[in-house]
Amino acid sequence: MDRLLVLVRHGQSEWNLKNLFTGWRDVGLTDQGVIEAKAAGQKLKGENLTFGTCFTSALVRAQRTLDLMLEELGQTGLPITRDEALNERDYGDLAGLNKDDARAKWGEEQVHIWRRSYATQPPGGESLRDTGARVWPYYIHRIQPHVMRGEGVLIAAHGNSLRALIMALDGLTPDEVVKLELPTGLPILYRLNEDTSVAERRELTV
């Protein structure tokens, strides 16, 4: 049985381009983001992958990325579950601010801590640990059963919600996960063993 799970960070968003903290703010893809999403779909098609169900966040940039990938795959019409549990980390009071302006206001070191520490929350927002506290149970209860039934699961989500999931799948430490860079539009393919451990992990870079 092929216990397939593919994770894709959404294509470049309008606020990625503008260097703004986005979080739960709902912004669209740039033209480059559309290209990245279509390219991800082509990479998946090149692997001859077949999916049975899809999951994405409640935010349009991830939903649009998923739709574009499915169009390229020729697999539109699959069941899609949209849930806030897969939303990007909530940046709280930082949302909508330019990262350079935030550094000017709070200092380089403080902003770096908010962005890259595991457990420190920005004002009014979530830490990466907080994000994992909603992502991981959702994966265990809602997503993993589909994978284990061999249905083939495609997830389009966000940098930090996927970091939290990858941390658990790959057994990363807090120090390791905060250094993990996830490019936009890069599919990460997992195949799971019968005991839900990871049998294969591959980034589809070509």
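Everything discussed here concerns the structure shown above.
The following paragraphs examine the structure supplied in this document. (Residues numbered from 1 in each chain as written. Predicted model: local features only at pLDDT ≥ 70, side-chain atom pairs only at ≥ 80, totals over all residues. Heavy atoms only, no water.)

1. A few points about empty space enclosed by the protein
Filter applied, for reference: Only protein atoms enter the 1 Å grid used here. Points where a 1.4 Å probe fits but cannot escape make up a cavity, open sets with protein on both sides within 12 Å along at least five of seven lines make up a pocket, and a residue lines them when an atom lies within 4 Å of a point. Grid points are joined across faces, edges and corners, and a volume is the space filled by probe spheres set on the points. Secondary structure elements follow DSSP: runs of H or I no shorter than four residues count as helices, runs of E no shorter than two count as strands, and numbering proceeds from the N terminus. Gly falls in the polar group here, along with every residue not listed as nonpolar (Ala, Val, Leu, Ile, Met, Phe, Trp, Tyr, Cys, Pro) or charged (Asp, Glu, Lys, Arg).
All told, the structure shown has 1 cavity of 30 Å³ or more when counted by the stated rule. Empty space within the largest cavity amounts to approximately 30 Å³. As for the largest cavity, its lining consists of Arg89, Arg115, Arg116, Ser117, Leu128, Asn160, Arg163 and Val178. Broken down by secondary-structure element, the contributors of at least two residues to the lining of the largest cavity are helix H5 (108-116) and helix H7 (159-170). Residues belonging to the lining of the largest cavity are distributed by class as follows: 2 nonpolar, 2 polar and 4 charged.

2. So, the layout of surface pockets
In this structure, the largest pocket encloses a volume near 310 Å³. As for the largest pocket, its lining consists of 20 residues, of which Arg9, Glu88, Tyr91, Lys99 and Arg115 are closest to the centre. Looking at the lining of the largest pocket, the elements with two or more residues in it are H5 and H7. For the lining of the largest pocket, the element with the highest residue contribution is H7, accounting for 3 residues. Residues of the lining of the largest pocket, tallied by class, amount to 5 nonpolar, 6 polar and 9 charged.

3. What to know about the packing of helix H6 (residues 128-148) against H7
The cut-off we apply is this: Axis angles are defined between N-to-C directions and span 0 to 180 degrees, where every axis is a line fitted to C-alpha atoms and, for a helix, only to the segment in contact. Should an angle lie under 35 degrees it is considered roughly parallel, over 145 roughly antiparallel, and from 65 to 115 roughly perpendicular; all remaining angles are considered oblique. Handedness of each helix crossing follows the sense of rotation of the near helix against the far helix: counterclockwise by less than a right angle gives left-handed, clockwise gives right-handed. Two residues qualify as a contact provided that any one of their heavy atoms is within 4.5 Å of a heavy atom in the partner residue.
With their axes 8 Å apart at the nearest point, H6 and H7 run at an angle of 65 degrees to one another. The angle between H6 and H7 falls in the class roughly perpendicular. Like other packed secondary-structure pairs, H6 and H7 cross with a definite hand, here right-handed. Across the interface between the two elements, Leu128, Thr131, Gly132, Val135, Trp136 and Tyr139 from H6 touch Asn160, Ser161, Arg163, Ala164, Leu165, Ala168 and Leu169 from H7. Split by residue class, the contact of H6 with H7 holds 8 nonpolar, 4 polar and 1 charged.

4. Focus: the pattern of salt bridges
Formally: We count a salt bridge whenever a side-chain nitrogen from Lys or Arg sits within 4 Å of a carboxyl oxygen from Asp or Glu. Accessibility here uses a 1.4 Å probe with only protein chains present; expressed as a share of the type maximum, an area under 20% marks a residue as buried, one over 50% as exposed, and anything in between as partly exposed.
In this structure the tally under the stated criterion is 11 salt bridges. Salt-bridge contacts for Arg134 lead to Glu126; the nearest nitrogen and oxygen are separated by 2.8 Å. Among the residues examined, Glu126 registers a relative accessible area of 15% and is labelled buried. Each of Asp2, Glu47, Arg191, Glu200 and Arg202 takes part in a single network of salt bridges with overlapping partners.

5. Examining the environment of Leu17
Secondary-structure assignment places Leu17 in helix H1 (residues 14-17). Take Leu17: its relative accessible area is 58%, and that puts it in the exposed class. Through-space distance from the C-alpha of Leu17 to that of Leu154 is 25 Å; in sequence the pair is 137 residues apart. With residues near it in sequence (within four places) discarded, Leu17 still touches Gln12 and Thr30.

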